[in-house]
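What follows is the residue order along each chain.
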2 protein chains.
Amino acid sequence: MIKVLLIDDHPIVMEGLKNLLSRQEDFSVAGCCATGAEGLKAITTLNPDVVLLDINLPDIKGIDICRQVRKHNTDVCIIALSVHNERPVIKNVLSSGANGYVLKNSVGEEIITAINAALKGNTYLCRAARDIMSQIQEGELTEMPRITRREKEIMALISKGLTTAQVAEQLFISPHTVESHRKNLIEKFDVSTMTAVIKLATQYGLI
Amino acid sequence: MIKVLLIDDHPIVMEGLKNLLSRQEDFSVAGCCATGAEGLKAITTLNPDVVLLDINLPDIKGIDICRQVRKHNTDVCIIALSVHNERPVIKNVLSSGANGYVLKNSVGEEIITAINAALKGNTYLCRAARDIMSQIQEGELTEMPRITRREKEIMALISKGLTTAQVAEQLFISPHTVESHRKNLIEKFDVSTMTAVIKLATQYGLI
DNA sequence: TTAAAAATGGCTGATTTCAGGGATATCGTA
DNA sequence: TACGATATCCCTGAAATCAGCCATTTTTAA
(Lines give C-alpha, C1' and ligand atoms only; values in the text may rest on other atoms or scores of the structure.)
Protein backbone atom coordinates (compact mmCIF):
# COMPACT_ATOMS: atom_id res chain seq x y z
CA MET A 1 0.00 0.00 0.00
CA ILE A 2 1.49 3.31 -1.11
CA LYS A 3 1.11 6.13 1.36
CA VAL A 4 0.24 9.47 -0.22
CA LEU A 5 0.35 12.81 1.55
CA LEU A 6 -1.81 15.62 0.14
CA ILE A 7 -0.78 19.24 0.50
CA ASP A 8 -3.20 21.80 -0.91
CA ASP A 9 -4.95 24.80 0.53
CA HIS A 10 -8.12 24.37 -1.50
CA PRO A 11 -10.53 22.03 0.31
CA ILE A 12 -12.40 21.37 -2.91
CA VAL A 13 -9.27 20.26 -4.70
CA MET A 14 -8.40 18.16 -1.68
CA GLU A 15 -11.82 16.55 -1.96
CA GLY A 16 -11.17 15.76 -5.59
CA LEU A 17 -7.75 14.29 -4.91
CA LYS A 18 -9.02 12.10 -2.09
CA ASN A 19 -11.77 10.90 -4.32
CA LEU A 20 -9.34 10.17 -7.11
CA LEU A 21 -7.00 8.19 -4.89
CA SER A 22 -9.78 6.29 -3.18
CA ARG A 23 -10.66 4.77 -6.54
CA GLN A 24 -7.16 3.33 -6.80
CA GLU A 25 -6.49 -0.07 -5.30
CA ASP A 26 -2.97 0.42 -4.06
CA PHE A 27 -3.00 4.00 -2.78
CA SER A 28 -3.92 5.25 0.65
CA VAL A 29 -4.14 8.85 1.82
CA ALA A 30 -1.67 9.21 4.67
CA GLY A 31 -2.64 12.76 5.49
CA CYS A 32 -3.94 16.12 4.29
CA CYS A 33 -2.31 19.48 4.90
CA ALA A 34 -3.45 22.94 3.93
CA THR A 35 -0.15 24.76 4.46
CA GLY A 36 3.50 24.27 3.66
CA ALA A 37 4.52 24.28 7.31
CA GLU A 38 2.05 21.52 8.15
CA GLY A 39 3.20 19.67 5.07
CA LEU A 40 6.87 19.71 6.01
CA LYS A 41 6.05 18.46 9.47
CA ALA A 42 3.79 15.73 8.10
CA ILE A 43 6.46 14.50 5.72
CA THR A 44 8.83 13.74 8.59
CA THR A 45 6.23 12.34 10.95
CA LEU A 46 4.11 10.35 8.51
CA ASN A 47 6.95 9.35 6.19
CA PRO A 48 4.78 9.02 3.06
CA ASP A 49 5.91 7.40 -0.17
CA VAL A 50 4.46 10.15 -2.31
CA VAL A 51 3.59 13.79 -1.74
CA LEU A 52 1.11 15.61 -3.95
CA LEU A 53 2.23 19.17 -3.46
CA ASP A 54 0.37 22.26 -4.54
CA ILE A 55 3.01 24.74 -5.66
CA ASN A 56 1.04 27.82 -4.63
CA LEU A 57 0.50 27.60 -0.92
CA PRO A 58 -0.27 30.59 1.25
CA ASP A 59 2.77 30.34 3.51
CA ILE A 60 5.80 28.73 1.82
CA LYS A 61 6.78 28.73 -1.85
CA GLY A 62 6.54 25.32 -3.48
CA ILE A 63 10.13 25.52 -4.64
CA ASP A 64 11.32 26.13 -1.12
CA ILE A 65 9.32 23.20 0.17
CA CYS A 66 10.96 20.90 -2.38
CA ARG A 67 14.40 22.18 -1.42
CA GLN A 68 13.68 21.77 2.29
CA VAL A 69 12.51 18.21 1.83
CA ARG A 70 15.44 17.27 -0.36
CA LYS A 71 17.92 18.44 2.27
CA HIS A 72 17.18 15.41 4.41
CA ASN A 73 14.91 13.14 2.47
CA THR A 74 15.77 11.90 -0.98
CA ASP A 75 13.38 8.97 -1.08
CA VAL A 76 9.96 10.55 -1.01
CA CYS A 77 8.43 11.24 -4.42
CA ILE A 78 7.17 14.76 -4.85
CA ILE A 79 4.56 15.41 -7.50
CA ALA A 80 4.04 19.11 -8.03
CA LEU A 81 0.51 20.34 -8.71
CA SER A 82 0.18 23.79 -10.14
CA VAL A 83 -1.78 26.17 -12.31
CA HIS A 84 1.43 27.71 -13.64
CA ASN A 85 2.18 26.72 -17.19
CA GLU A 86 5.18 28.98 -17.62
CA ARG A 87 8.28 27.19 -18.75
CA PRO A 88 10.70 28.78 -16.26
CA VAL A 89 8.45 27.92 -13.35
CA ILE A 90 8.21 24.29 -14.39
CA LYS A 91 11.94 24.06 -14.84
CA ASN A 92 12.59 25.60 -11.46
CA VAL A 93 10.23 23.29 -9.64
CA LEU A 94 11.76 20.22 -11.25
CA SER A 95 15.30 21.30 -10.49
CA SER A 96 14.28 21.92 -6.88
CA GLY A 97 13.63 18.25 -6.41
CA ALA A 98 10.15 17.47 -7.69
CA ASN A 99 9.68 14.12 -9.43
CA GLY A 100 6.76 15.22 -11.53
CA TYR A 101 4.74 18.22 -12.61
CA VAL A 102 1.03 18.13 -13.24
CA LEU A 103 -1.03 21.13 -14.21
CA LYS A 104 -4.30 21.49 -12.36
CA ASN A 105 -6.30 21.44 -15.54
CA SER A 106 -5.08 17.94 -16.25
CA VAL A 107 -7.36 14.97 -15.90
CA GLY A 108 -7.06 12.93 -12.75
CA GLU A 109 -5.47 10.02 -14.53
CA GLU A 110 -2.37 12.11 -15.20
CA ILE A 111 -1.77 12.39 -11.49
CA ILE A 112 -1.93 8.64 -11.09
CA THR A 113 0.40 8.21 -14.04
CA ALA A 114 2.78 10.76 -12.56
CA ILE A 115 2.85 8.98 -9.21
CA ASN A 116 3.54 5.61 -10.80
CA ALA A 117 6.27 7.07 -12.98
CA ALA A 118 7.88 8.78 -10.01
CA LEU A 119 7.82 5.58 -7.95
CA LYS A 120 9.70 3.89 -10.75
CA GLY A 121 12.28 6.64 -10.64
CA ASN A 122 11.09 8.55 -13.65
CA THR A 123 10.05 12.16 -13.90
CA TYR A 124 6.61 12.63 -15.36
CA LEU A 125 5.19 15.81 -16.82
CA CYS A 126 1.56 16.12 -17.76
CA ARG A 127 0.81 16.48 -21.45
CA ALA A 128 0.46 20.25 -21.42
CA ALA A 129 3.63 20.76 -19.38
CA ARG A 130 5.53 18.41 -21.67
CA ASP A 131 4.39 20.41 -24.68
CA ILE A 132 5.56 23.63 -23.10
CA MET A 133 8.93 22.21 -22.15
CA SER A 134 9.56 20.66 -25.54
CA GLN A 135 8.99 23.91 -27.38
CA ILE A 136 12.30 25.04 -28.67
CA GLN A 137 12.78 28.36 -26.99
CA GLU A 138 14.80 30.83 -28.95
CA GLY A 139 18.13 30.55 -27.19
CA GLU A 140 16.67 29.50 -23.83
CA LEU A 141 15.76 33.09 -23.21
CA THR A 142 13.22 33.14 -20.44
CA GLU A 143 14.75 31.28 -17.54
CA MET A 144 13.58 32.31 -14.12
CA PRO A 145 16.52 34.21 -12.69
CA ARG A 146 17.59 33.99 -9.08
CA ILE A 147 16.36 37.14 -7.41
CA THR A 148 17.78 38.46 -4.17
CA ARG A 149 15.78 39.69 -1.22
CA ARG A 150 16.72 43.26 -1.89
CA GLU A 151 15.82 43.01 -5.52
CA LYS A 152 12.40 41.67 -4.64
CA GLU A 153 11.91 44.56 -2.28
CA ILE A 154 12.79 47.01 -5.00
CA MET A 155 10.57 45.33 -7.57
CA ALA A 156 7.67 45.47 -5.14
CA LEU A 157 8.07 49.19 -4.63
CA ILE A 158 8.58 49.96 -8.29
CA SER A 159 5.56 47.88 -9.18
CA LYS A 160 3.52 50.02 -6.82
CA GLY A 161 4.37 52.99 -8.98
CA LEU A 162 7.26 54.53 -7.07
CA THR A 163 10.06 56.12 -9.04
CA THR A 164 13.73 55.43 -8.49
CA ALA A 165 14.07 58.46 -6.27
CA GLN A 166 11.05 57.49 -4.18
CA VAL A 167 12.27 53.93 -3.74
CA ALA A 168 15.66 55.24 -2.63
CA GLU A 169 14.04 57.50 -0.09
CA GLN A 170 11.85 54.73 1.26
CA LEU A 171 14.74 52.31 1.70
CA PHE A 172 17.21 54.92 2.94
CA ILE A 173 19.67 54.17 0.16
CA SER A 174 21.10 56.19 -2.67
CA PRO A 175 19.13 56.55 -5.90
CA HIS A 176 22.24 55.25 -7.63
CA THR A 177 21.88 51.98 -5.78
CA VAL A 178 18.30 51.66 -6.86
CA GLU A 179 19.47 52.30 -10.40
CA SER A 180 21.97 49.48 -10.11
CA HIS A 181 19.37 47.05 -8.85
CA ARG A 182 17.09 48.10 -11.63
CA LYS A 183 19.80 47.45 -14.16
CA ASN A 184 20.58 44.06 -12.67
CA LEU A 185 16.91 43.08 -12.75
CA ILE A 186 16.53 44.05 -16.37
CA GLU A 187 19.64 42.06 -17.17
CA LYS A 188 18.62 39.04 -15.08
CA PHE A 189 15.23 38.84 -16.73
CA ASP A 190 16.85 39.46 -20.07
CA VAL A 191 14.42 42.16 -21.12
CA SER A 192 14.84 45.81 -21.92
CA THR A 193 12.34 47.65 -19.77
CA MET A 194 11.27 47.58 -16.19
CA THR A 195 7.64 47.05 -17.16
CA ALA A 196 8.61 43.71 -18.69
CA VAL A 197 10.41 42.80 -15.47
CA ILE A 198 7.35 43.60 -13.40
CA LYS A 199 5.07 41.59 -15.63
CA LEU A 200 7.29 38.51 -15.50
CA ALA A 201 7.85 38.84 -11.77
CA THR A 202 4.12 39.13 -11.16
CA GLN A 203 3.46 36.12 -13.36
CA TYR A 204 6.04 34.02 -11.58
CA GLY A 205 4.59 35.07 -8.25
CA LEU A 206 7.78 36.82 -7.16
CA ILE A 207 5.97 39.92 -5.92
CA MET B 1 -34.52 18.76 -6.66
CA ILE B 2 -32.26 21.68 -7.45
CA LYS B 3 -30.38 21.36 -10.72
CA VAL B 4 -26.78 22.55 -10.53
CA LEU B 5 -24.51 23.14 -13.52
CA LEU B 6 -20.76 22.97 -12.92
CA ILE B 7 -18.36 25.02 -15.02
CA ASP B 8 -14.67 24.58 -14.26
CA ASP B 9 -11.68 23.62 -16.37
CA HIS B 10 -9.92 21.70 -13.60
CA PRO B 11 -11.10 18.08 -13.59
CA ILE B 12 -9.90 17.63 -10.03
CA VAL B 13 -11.92 20.58 -8.79
CA MET B 14 -14.88 19.24 -10.76
CA GLU B 15 -14.44 15.93 -8.96
CA GLY B 16 -14.47 17.72 -5.63
CA LEU B 17 -17.56 19.72 -6.50
CA LYS B 18 -19.47 16.68 -7.69
CA ASN B 19 -18.52 14.88 -4.52
CA LEU B 20 -19.64 17.79 -2.41
CA LEU B 21 -23.01 18.07 -4.11
CA SER B 22 -23.63 14.34 -4.09
CA ARG B 23 -23.58 14.47 -0.31
CA GLN B 24 -26.46 16.93 -0.36
CA GLU B 25 -29.99 15.60 -0.37
CA ASP B 26 -31.67 18.17 -2.54
CA PHE B 27 -29.02 18.93 -5.18
CA SER B 28 -28.42 17.17 -8.45
CA VAL B 29 -25.62 17.83 -10.93
CA ALA B 30 -27.29 18.80 -14.19
CA GLY B 31 -24.08 18.97 -16.17
CA CYS B 32 -20.36 19.65 -16.23
CA CYS B 33 -18.55 22.00 -18.57
CA ALA B 34 -14.86 22.75 -18.91
CA THR B 35 -15.15 25.93 -20.97
CA GLY B 36 -17.17 29.11 -21.00
CA ALA B 37 -18.63 28.42 -24.42
CA GLU B 38 -19.89 24.99 -23.38
CA GLY B 39 -21.19 26.56 -20.20
CA LEU B 40 -23.23 29.22 -21.96
CA LYS B 41 -24.76 26.62 -24.24
CA ALA B 42 -25.53 24.32 -21.32
CA ILE B 43 -27.26 27.07 -19.40
CA THR B 44 -29.81 27.55 -22.19
CA THR B 45 -30.30 23.87 -22.99
CA LEU B 46 -30.25 22.41 -19.48
CA ASN B 47 -31.88 25.37 -17.75
CA PRO B 48 -30.29 24.76 -14.36
CA ASP B 49 -31.35 26.46 -11.15
CA VAL B 50 -27.81 27.17 -10.07
CA VAL B 51 -24.49 27.58 -11.88
CA LEU B 52 -21.18 27.12 -10.10
CA LEU B 53 -18.93 29.17 -12.31
CA ASP B 54 -15.16 29.24 -12.21
CA ILE B 55 -14.13 32.81 -12.98
CA ASN B 56 -10.86 31.88 -14.67
CA LEU B 57 -11.73 29.81 -17.68
CA PRO B 58 -9.45 29.33 -20.63
CA ASP B 59 -11.75 30.82 -23.25
CA ILE B 60 -14.16 33.43 -21.86
CA LYS B 61 -13.75 35.79 -18.90
CA GLY B 62 -16.02 35.00 -15.99
CA ILE B 63 -17.33 38.54 -15.98
CA ASP B 64 -18.34 38.27 -19.61
CA ILE B 65 -20.11 34.99 -18.99
CA CYS B 66 -22.16 36.57 -16.22
CA ARG B 67 -23.07 39.49 -18.46
CA GLN B 68 -24.02 37.20 -21.34
CA VAL B 69 -26.24 35.11 -19.11
CA ARG B 70 -27.92 38.10 -17.55
CA LYS B 71 -28.88 39.49 -20.96
CA HIS B 72 -31.55 36.84 -21.36
CA ASN B 73 -31.78 34.95 -18.14
CA THR B 74 -32.37 36.64 -14.83
CA ASP B 75 -33.57 33.62 -12.90
CA VAL B 76 -30.55 31.33 -12.77
CA CYS B 77 -28.36 31.76 -9.71
CA ILE B 78 -24.69 32.21 -10.50
CA ILE B 79 -22.16 31.41 -7.80
CA ALA B 80 -18.70 32.58 -8.78
CA LEU B 81 -15.74 30.39 -7.80
CA SER B 82 -12.35 32.01 -7.94
CA VAL B 83 -8.86 32.19 -6.56
CA HIS B 84 -8.85 35.97 -6.87
CA ASN B 85 -9.11 37.72 -3.55
CA GLU B 86 -8.65 41.20 -4.92
CA ARG B 87 -11.37 43.60 -3.96
CA PRO B 88 -11.91 45.13 -7.42
CA VAL B 89 -12.26 41.72 -9.01
CA ILE B 90 -14.88 40.62 -6.51
CA LYS B 91 -16.80 43.85 -6.96
CA ASN B 92 -16.74 43.49 -10.70
CA VAL B 93 -17.95 39.93 -10.71
CA LEU B 94 -20.84 40.73 -8.39
CA SER B 95 -21.90 43.74 -10.42
CA SER B 96 -21.82 41.60 -13.56
CA GLY B 97 -24.65 39.51 -12.27
CA ALA B 98 -23.23 36.88 -9.92
CA ASN B 99 -25.30 35.98 -6.87
CA GLY B 100 -22.39 34.85 -4.78
CA TYR B 101 -18.62 34.76 -4.59
CA VAL B 102 -16.68 31.90 -3.05
CA LEU B 103 -12.91 31.73 -2.97
CA LYS B 104 -11.46 28.39 -3.88
CA ASN B 105 -9.65 28.07 -0.61
CA SER B 106 -12.99 28.06 1.17
CA VAL B 107 -14.40 24.93 2.72
CA GLY B 108 -17.05 23.10 0.74
CA GLU B 109 -19.81 24.08 3.12
CA GLU B 110 -19.45 27.67 2.04
CA ILE B 111 -20.48 26.72 -1.46
CA ILE B 112 -23.61 25.03 -0.18
CA THR B 113 -24.35 28.04 1.98
CA ALA B 114 -23.82 30.34 -0.97
CA ILE B 115 -26.20 28.34 -3.16
CA ASN B 116 -28.91 28.31 -0.53
CA ALA B 117 -28.51 32.03 0.06
CA ALA B 118 -28.67 32.76 -3.66
CA LEU B 119 -31.82 30.66 -4.06
CA LYS B 120 -33.45 32.76 -1.40
CA GLY B 121 -32.51 35.87 -3.31
CA ASN B 122 -29.53 36.87 -1.20
CA THR B 123 -25.97 37.46 -2.26
CA TYR B 124 -23.48 35.39 -0.31
CA LEU B 125 -19.76 36.02 -0.03
CA CYS B 126 -17.44 33.52 1.58
CA ARG B 127 -15.83 34.60 4.84
CA ALA B 128 -12.54 35.68 3.30
CA ALA B 129 -14.22 37.63 0.50
CA ARG B 130 -16.51 39.32 3.00
CA ASP B 131 -13.51 40.37 5.05
CA ILE B 132 -11.85 41.85 2.02
CA MET B 133 -14.94 43.72 0.94
CA SER B 134 -15.63 45.14 4.38
CA GLN B 135 -12.19 46.62 4.72
CA ILE B 136 -12.55 50.35 4.52
CA GLN B 137 -10.49 51.24 1.50
CA GLU B 138 -8.89 54.64 1.63
CA GLY B 139 -11.20 56.63 -0.61
CA GLU B 140 -12.24 53.65 -2.74
CA LEU B 141 -9.02 53.98 -4.66
CA THR B 142 -8.42 50.67 -6.35
CA GLU B 143 -11.50 49.98 -8.38
CA MET B 144 -10.99 47.83 -11.44
CA PRO B 145 -11.35 50.24 -14.32
CA ARG B 146 -13.14 49.34 -17.51
CA ILE B 147 -10.44 48.62 -20.06
CA THR B 148 -11.06 48.67 -23.79
CA ARG B 149 -9.86 46.07 -26.26
CA ARG B 150 -7.31 48.43 -27.72
CA GLU B 151 -5.98 49.35 -24.33
CA LYS B 152 -5.53 45.70 -23.46
CA GLU B 153 -3.64 45.18 -26.69
CA ILE B 154 -1.33 48.05 -25.87
CA MET B 155 -0.78 46.87 -22.31
CA ALA B 156 0.12 43.43 -23.56
CA LEU B 157 2.76 44.80 -25.91
CA ILE B 158 4.20 47.22 -23.37
CA SER B 159 4.35 44.48 -20.79
CA LYS B 160 6.44 42.46 -23.18
CA GLY B 161 9.02 45.20 -23.07
CA LEU B 162 8.18 47.14 -26.22
CA THR B 163 8.58 50.88 -26.16
CA THR B 164 5.97 53.36 -27.27
CA ALA B 165 7.56 53.65 -30.70
CA GLN B 166 7.73 49.88 -31.13
CA VAL B 167 4.10 49.44 -30.10
CA ALA B 168 3.07 52.10 -32.59
CA GLU B 169 4.96 50.35 -35.34
CA GLN B 170 3.48 46.98 -34.50
CA LEU B 171 -0.10 48.28 -34.49
CA PHE B 172 0.33 50.58 -37.49
CA ILE B 173 -0.71 53.62 -35.52
CA SER B 174 0.99 56.83 -34.52
CA PRO B 175 3.27 56.90 -31.49
CA HIS B 176 1.11 59.79 -30.32
CA THR B 177 -1.87 57.49 -30.17
CA VAL B 178 0.05 55.00 -28.10
CA GLU B 179 1.02 57.84 -25.81
CA SER B 180 -2.62 58.75 -25.41
CA HIS B 181 -3.60 55.21 -24.52
CA ARG B 182 -0.75 55.04 -22.08
CA LYS B 183 -1.94 58.21 -20.43
CA ASN B 184 -5.50 56.97 -20.25
CA LEU B 185 -4.38 53.72 -18.67
CA ILE B 186 -2.33 55.47 -16.02
CA GLU B 187 -5.32 57.64 -15.24
CA LYS B 188 -7.84 54.77 -15.25
CA PHE B 189 -5.76 52.74 -12.84
CA ASP B 190 -5.14 55.84 -10.78
CA VAL B 191 -1.42 55.30 -10.57
CA SER B 192 1.54 57.33 -11.76
CA THR B 193 3.69 54.97 -13.81
CA MET B 194 3.15 52.36 -16.45
CA THR B 195 4.89 49.71 -14.36
CA ALA B 196 2.15 50.03 -11.76
CA VAL B 197 -0.46 49.65 -14.49
CA ILE B 198 1.18 46.47 -15.74
CA LYS B 199 1.37 44.98 -12.28
CA LEU B 200 -2.28 45.62 -11.53
CA ALA B 201 -3.39 44.42 -14.95
CA THR B 202 -1.39 41.22 -14.53
CA GLN B 203 -2.84 40.68 -11.07
CA TYR B 204 -6.37 41.16 -12.28
CA GLY B 205 -5.73 38.77 -15.14
CA LEU B 206 -6.31 41.44 -17.78
CA ILE B 207 -3.23 40.52 -19.78
C1' DT C 1 -31.19 59.14 -33.18
C1' DT C 2 -28.57 61.24 -30.08
C1' DA C 3 -25.17 61.24 -26.70
C1' DA C 4 -21.39 59.08 -24.59
C1' DA C 5 -17.31 56.37 -24.97
C1' DA C 6 -13.45 54.72 -27.56
C1' DA C 7 -9.82 55.12 -30.89
C1' DT C 8 -7.16 57.95 -33.38
C1' DG C 9 -3.73 61.86 -33.91
C1' DG C 10 -1.14 65.98 -32.23
C1' DC C 11 2.28 69.32 -29.41
C1' DT C 12 5.80 70.82 -25.66
C1' DG C 13 8.76 70.49 -21.92
C1' DA C 14 10.29 68.63 -17.57
C1' DT C 15 11.52 64.38 -15.58
C1' DT C 16 13.00 59.63 -15.64
C1' DT C 17 14.84 55.66 -17.37
C1' DC C 18 18.36 52.85 -19.65
C1' DA C 19 22.95 51.44 -21.28
C1' DG C 20 27.62 51.65 -20.45
C1' DG C 21 31.23 51.94 -17.84
C1' DG C 22 33.15 51.64 -12.95
C1' DA C 23 34.29 50.69 -7.45
C1' DT C 24 33.98 49.22 -2.54
C1' DA C 25 31.87 46.91 1.55
C1' DT C 26 29.58 43.01 3.65
C1' DC C 27 28.08 38.48 4.44
C1' DG C 28 27.77 33.54 4.42
C1' DT C 29 29.87 29.40 3.37
C1' DA C 30 33.03 26.06 1.59
C1' DT D 1 40.35 32.25 5.42
C1' DA D 2 39.23 33.11 0.91
C1' DC D 3 35.89 33.06 -2.46
C1' DG D 4 31.50 34.26 -4.43
C1' DA D 5 27.36 36.43 -4.07
C1' DT D 6 25.08 40.39 -2.52
C1' DA D 7 24.50 45.18 -1.56
C1' DT D 8 26.08 49.48 -1.78
C1' DC D 9 27.69 53.74 -4.33
C1' DC D 10 29.09 56.76 -8.53
C1' DC D 11 29.05 59.03 -13.52
C1' DT D 12 27.30 60.44 -18.32
C1' DG D 13 24.55 60.93 -22.36
C1' DA D 14 20.97 59.29 -25.31
C1' DA D 15 16.36 57.80 -25.27
C1' DA D 16 11.95 57.26 -23.35
C1' DT D 17 8.40 58.53 -20.31
C1' DC D 18 4.90 61.53 -18.13
C1' DA D 19 1.92 65.66 -17.50
C1' DG D 20 -0.56 69.10 -19.49
C1' DC D 21 -3.23 70.41 -22.92
C1' DC D 22 -6.53 69.73 -27.40
C1' DA D 23 -9.15 67.76 -31.72
C1' DT D 24 -11.36 64.45 -35.02
C1' DT D 25 -13.63 60.24 -36.36
C1' DT D 26 -15.76 56.00 -35.38
C1' DT D 27 -18.29 52.87 -32.28
C1' DT D 28 -21.29 51.73 -28.91
C1' DA D 29 -24.98 52.35 -25.86
C1' DA D 30 -29.11 54.74 -24.19
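- The name given to chain A in an unreviewed UniProt entry is Response regulator transcription factor, and the organism recorded there is Chitinophaga solisilvae.

## Observations concerning the packing of helix 7 (residues 149-159) of chain A against helix 8 (residues 164-171) of chain A
Residues and elements named next belong to chain A.
Then, number 1: Relative to each other, helix 7 and helix 8 sit at 125°, their axes nearing to 10 Å. Regarding the angle of helix 7 to helix 8, the classification is oblique. Every pair of crossing elements has a handedness; the one defined by helix 7 and helix 8 is right-handed. Of helix 8, the residues touching helix 7 (which contributes Arg150, Glu153, Ile154, Leu157 and Ile158) are Val167, Gln170 and Leu171.
Then, number 2: Residue composition of the contact of helix 7 with helix 8, by class: 5 nonpolar, 1 polar and 2 charged.

## Re the sheet that holds strand 3 (residues 50-54) of chain B
Residues and elements named next belong to chain B.
Then, number 1: Strand order in this open sheet of 6 strands is 2-1-3-4-5-6, and the pairing throughout is parallel. Looking along the sheet, the strands with just one partner apiece sit at the ends: strand 2 (27-33) and strand 6 (124-125).
Then, number 2: Helix 1 (residues 11-22) rests against strand 1 (2-7), strand 2, strand 3 and strand 4 (77-82) of the sheet, and its axis sits at about 165° to strand 2.

## Concerning the relation of the copies chain B and chain A
Both copies of the chain are related through a single rotation about an axis accompanied by a shift along the same axis.
Then, number 1: Expressed as a screw transformation, the operator carrying chain B onto chain A has a rotation angle of 180° and an axial translation of 0.2 Å, and the superposed copies differ by an RMSD of 0.4 Å. Here the copies are linked by what is in effect a two-fold axis. Of the C-alpha atoms belonging to chain B, the one lying closest to the rotation axis is found on Gly16 of chain B, 1.9 Å away.
Then, number 2: Taken together, the interface assignments show that 100% of the residues at the interface of chain B recur at the interface of chain A, consistent with an identical surface on both copies.

## Some words on the sheet that holds strand 5 (residues 100-103) of chain A
Note on sheets: strands pair through backbone hydrogen bonds, and any given pair is parallel or antiparallel.
Residues and elements named next belong to chain A.
Then, number 1: One open sheet accounts for 6 strands, arranged 2-1-3-4-5-6; its pairing is parallel. The open sheet has two edge strands, strand 2 (27-33) and strand 6 (124-125), and neither has a second partner.
Then, number 2: Alignment of strand 1 (residues 2-7) against strand 3 (residues 50-54), held across 4 bridges, turns out to be parallel. Pairing of Leu5 across the sheet is with Val51, part of strand 3.
Then, number 3: Relative to the sheet, helix 5 (residues 108-119) contacts strand 1, strand 2, strand 3, strand 4 (77-82), strand 5 and strand 6, its axis offset from that of strand 4 by approximately 155°.

## Some words on the protein's contact with DNA strand D
Then, number 1: What surrounds DNA strand D is a group of 19 residues, the closest being Thr148, Thr177 and Ser180 of chain A together with Thr164 and Lys183 of chain B.
Then, number 2: Near the protein, within 4 Å, the atoms of DNA strand D are sugar or phosphate in 65% of cases.
Then, number 3: One of the side-chain nitrogen or oxygen atoms of Thr148 of chain A is found 2.2 Å away from a phosphate oxygen of DNA strand D.
Then, number 4: Thr164 of chain B places a side-chain nitrogen or oxygen 2.6 Å from a phosphate oxygen of DNA strand D.
Then, number 5: Breaking the surface near DNA strand D down by element, the ones donating at least two residues are helix 7 and helix 9 (175-188) of chain A together with helix 9 (175-188) of chain B.

## With respect to the domain arrangement of chain A
Then, number 1: Taken domain by domain, chain A comprises domain 1 (2-134) and domain 2 (149-203).
Then, number 2: Taken over C-alpha atoms, the centre of domain 1 of chain A sits 33 Å from the centre of domain 2 of chain A.

## Quick notes on the side chain of Asn92 of chain A
Then, number 1: Along the chain, Asn92 of chain A falls in helix 4 (residues 87-95).
Then, number 2: Sequence-distant contacts of Asn92 of chain A, defined by excluding residues within four places in its chain, comprise Ile63, Arg67 and Met144 of chain A.

## With respect to the interface of chain B and chain A
Frequently, the measure chosen for interface size is the accessible area removed from exposure when the parts meet.
Then, number 1: At the interface, 30 residues of chain B touch 30 residues of chain A.
Then, number 2: Both faces combined, the contact of chain B with chain A buries some 2,500 Å², and carbon together with sulfur accounts for 66% of it.
Then, number 3: Contact with chain A buries area across many residues of chain B, yet Ile12, Thr195 and Lys199 of chain B alone supply 25% of it, more than any other trio.
Then, number 4: The tally of links between chain B and chain A comes to 2 salt bridges.

## Describing the nonpolar core
Then, number 1: Core analysis: the largest hydrophobic core is formed by 141 residues, its most contacted members being Leu52 and Phe189 of chain A together with Leu52 and Phe189 of chain B.
Then, number 2: Residue contacts for Leu52 of chain B: discarding those within four places in its chain leaves Val4, Leu5, Leu6, Ile7, Leu17, Leu21, Ile79, Leu81, Ile111 and Ile115 of chain B.

Criteria and cut-off values
- Residues numbered from 1 in each chain as written.
- Chains lettered and ligands numbered in written order.
- Predicted model: local features only at pLDDT ≥ 70, side-chain atom pairs only at ≥ 80, totals over all residues.
- Heavy atoms only, no water.
- Axes fitted to C-alpha atoms, helices over the stretch in contact; angles between N-to-C directions.
- Helix = DSSP H or I, 4+ residues; strand = E, 2+ residues; numbered from the N terminus.
- Parallel < 35°, antiparallel > 145°, perpendicular 65-115°, else oblique.
- Left-handed = near helix turned anticlockwise from the far one by under 90°.
- Contact = heavy atoms within 4.5 Å.
- Nonpolar A, V, L, I, M, F, W, Y, C, P; charged D, E, K, R; others polar.
- Pairing = 2+ DSSP bridges.
- Least-squares fit on C-alpha atoms with pLDDT ≥ 70 in both.
- Near = heavy atom within 4 Å.
- Polar contact = N/O pair within 3.5 Å; in protein donor to acceptor, adjacent residues only side chain to side chain.
- Domains from an automatic or database assignment.
- Buried area = accessible area lost by both parts, 1.4 Å probe.
- Salt bridge = Lys/Arg side-chain N within 4 Å of Asp/Glu carboxyl O.
- Core = buried A, V, L, I, M, F, W, Y, C linked by side-chain atoms within 4.5 Å.
- Buried < 20%, exposed > 50% of the residue type's maximum accessible area, 1.4 Å probe, protein only.

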